[in-house]
Amino acid sequence: RKEVEQDPGPFNVPEGATVAFNCTYSNSASQSFFWYRQDCRKEPKLLMSVYSSGNEDGRFTAQLNRASQYISLLIRDSKLSDSATYLCVVNLDTSGTYKYIFGTGTRLKVLA
Amino acid sequence: EPEVTQTPSHQVTQMGQEVILRCVPISNHLYFYWYRQILGQKVEFLVSFYNNEISEKSEIFDDQFSVERPDGSNFTLKIRSTKLEDSAMYFCASRTEAAKNIQYFGAGTRLSVL
């Protein structure tokens, strides 16, 4: 089983649509969880951290279910500028080293 | 806002040549990382570095790779004898000791091995 698994997409949605991405992780020792955004050939940029209580940042809502080892991201009222690849990332502590484990990413294209 | 800087942005080299990728982490950060992303694939952990030594490395980080912090500010990744399959984006990241969860990424160096 992959350490962090995502549907690669692409998800093609019209402007204004709501879209949801899911992610599962295999290592129950994972410490913290994030959604990053990556534009073509650029560095990953932090979109938001993900907490069990759920958290919202404007049009973006993230949720973590530790029991199911499942992370989600909801984007409401999609904009053209939301087109990017969304990376699910877990922070894994192995012997005191905190390293990021990335999913393959889910590609989103918002259409005019 | 402080940032991680990487140079060069694009490096082209011939197979078998040595390359050094450079990173300047954020100044008060103590933990440093290199990640690699082959075109069309996921970002992969290569190595972490703390207190002037490697704290963890992945199976990708074989004897052809080395890291060092030569002067207290730069953090370098050296590939001794490049192969075609080393072509990728290489991202440097750094973090503080206290904020274990948050890594800050540089813009990356695109390495093209011909």
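I will try to describe carefully the structure that is included in this document. (Residues numbered from 1 in each chain as written. Chains lettered and ligands numbered in written order. Predicted model: local features only at pLDDT ≥ 70, side-chain atom pairs only at ≥ 80, totals over all residues. Heavy atoms only, no water.)

## Side note on the overall build of chain B
The helix and strand tally for chain B stands at 0 helices and 11 strands. Starting at the N terminus and ending at the C terminus, chain B contains elements arranged as β-β-β-β-β-β-β-β-β-β-β. Taken against the 2.2 N^0.38 rule, which gives 13 Å for 114 residues, the C-alpha radius of gyration of chain B at 13 Å falls within 12% of a compact globule. C-alpha extents for chain B along the principal axes are approximately 40 × 25 × 25 Å. Put simply, chain B has 114 residues, and 47% of those count as buried. In chain B, once contacts between residues fewer than 6 apart in sequence are set aside, the share between residues at least 24 apart is 54%. For chain B, the exposed surface amounts to about 5,700 Å²; the carbon and sulfur share of it is 46%. Computed over 11 positive and 14 negative side-chain charges, the separation of the two mean positions in chain B equals 1 Å. (Helix = DSSP H or I, 4+ residues; strand = E, 2+ residues; numbered from the N terminus. Rg over C-alpha atoms; globule rule 2.2 N^0.38 Å. Buried < 20%, exposed > 50% of the residue type's maximum accessible area, 1.4 Å probe, protein only. Contact = heavy atoms within 4.5 Å. Areas by Shrake-Rupley, 256 points an atom, 1.4 Å probe, with all protein chains shown as cover. Lys, Arg positive; Asp, Glu negative; His and termini not counted. Charge placed at Lys NZ, Arg CZ, Asp CG, Glu CD.)

## Some thoughts on the sheet that holds strand E7 (residues 60-65) of chain A
All names here are of chain A. Spatial ordering of the open sheet is given by E1-E3-E8-E7-E6, a layout of 5 strands whose pairing is antiparallel. Either end of the sheet is taken by a strand with one partner, and the two such strands are strand E1 (4-6) and strand E6 (55-57). Across the sheet, the mean angle from the axis of one strand to that of its neighbour is 20 degrees, orientation sign disregarded. For E1 and strand E3 (residues 19-25), the ladder comprises 3 bridges, and the chain directions are antiparallel. In the strand pairing of E3, Gln 6 is matched with Cys 23. (Pairing = 2+ DSSP bridges. Axes fitted to C-alpha atoms, helices over the stretch in contact; angles between N-to-C directions.)

## Section: the interface of chain A and chain B
Each partner contributes to the interface: chain A provides 20 residues, whereas chain B provides 21 residues. Summing both sides of the interface, chain A and chain B together bury roughly 1,800 Å²; the carbon and sulfur share of this comes to 53%. Taken as a group, A:Arg41, A:Tyr98 and A:Tyr100 account for 33% of the area that chain A buries against chain B, more than any other trio of residues on that side. The interface formed by chain A and chain B contains 1 salt bridge. In this structure, A:Lys99 engages B:Glu56 in a salt bridge whose closest nitrogen and oxygen atoms are separated by 2.6 Å. Listed by contribution, the elements that provide at least two residues to the side of chain A that touches chain B are strand E4 (30-38), strand E9 (84-94) and strand E10 (97-102) of chain A. Taken together, the residues of the side of chain A that touches chain B break down into 6 nonpolar, 10 polar and 4 charged. (Buried area = accessible area lost by both parts, 1.4 Å probe. Salt bridge = Lys/Arg side-chain N within 4 Å of Asp/Glu carboxyl O. Nonpolar A, V, L, I, M, F, W, Y, C, P; charged D, E, K, R; others polar.)

## As for the state of the cysteines
All names here are of chain A. Summed over all chains, the structure comprises 2 disulfides over all chains. Across a sulfur-sulfur distance of 2.0 Å, Cys 23 and Cys 88 are joined as a disulfide pair. Residues Cys 23 and Cys 88 are joined through a disulfide that is left-handed, its torsion about the S-S bond being -75 degrees. Of this pair, Cys 23 sits in strand E3 while Cys 88 sits in strand E9; the two residues are 65 residues apart in sequence, bridging distant segments of the chain. Here Cys 88 falls in the buried class, since its relative accessible area comes to 0%. (Disulfide = S-S within 2.5 Å.)

## Quick look at the pattern of salt bridges
Residues and elements named next belong to chain A. Under the defined criterion, the tally for this structure stands at 6 salt bridges over all chains. Here Arg 37 and Asp 39 are joined by a salt bridge, their closest N and O atoms 3.0 Å apart. According to the relative accessible area criterion, Asp 39 is partly exposed, its value standing at 30%.

## Details of the nonpolar core
Counting residues in hydrophobic clusters, the biggest one holds 25 residues, and the most contacted among them are A:Phe21, A:Trp35, A:Ile71, A:Leu73, A:Ile75, A:Tyr86 and A:Leu108. Breaking this core down by element, the ones donating at least two residues are E3, E4, strand E5 (45-50), E7, strand E8 (70-75), E9 and strand E11 (106-111) of chain A. Element by element, the count of residues in this core is highest for E9(A), at 5 residues. If you look at the next biggest cluster of nonpolar residues, it comprises 23 residues, including B:Phe65, B:Ile79, B:Tyr90 and B:Val113. (Core = buried A, V, L, I, M, F, W, Y, C linked by side-chain atoms within 4.5 Å.)

## Considering the environment of B:Cys23
Residue and element names in this part refer to chain B. By the element assignment, Cys 23 lies in strand E3 (residues 19-24). A relative accessible area of 0% means that Cys 23 is categorised as buried. Between the alpha carbons of Cys 23 and Cys 92 there is a distance of 6.4 Å; along the sequence they are 69 residues apart. In this structure, Cys 23 is in contact with Val 4, Thr 5, Gln 6, Trp 34, Ser 73, Asn 74, Phe 75 and Cys 92, ignoring residues within four places of it in sequence.

Geometry only, nothing functional implied.
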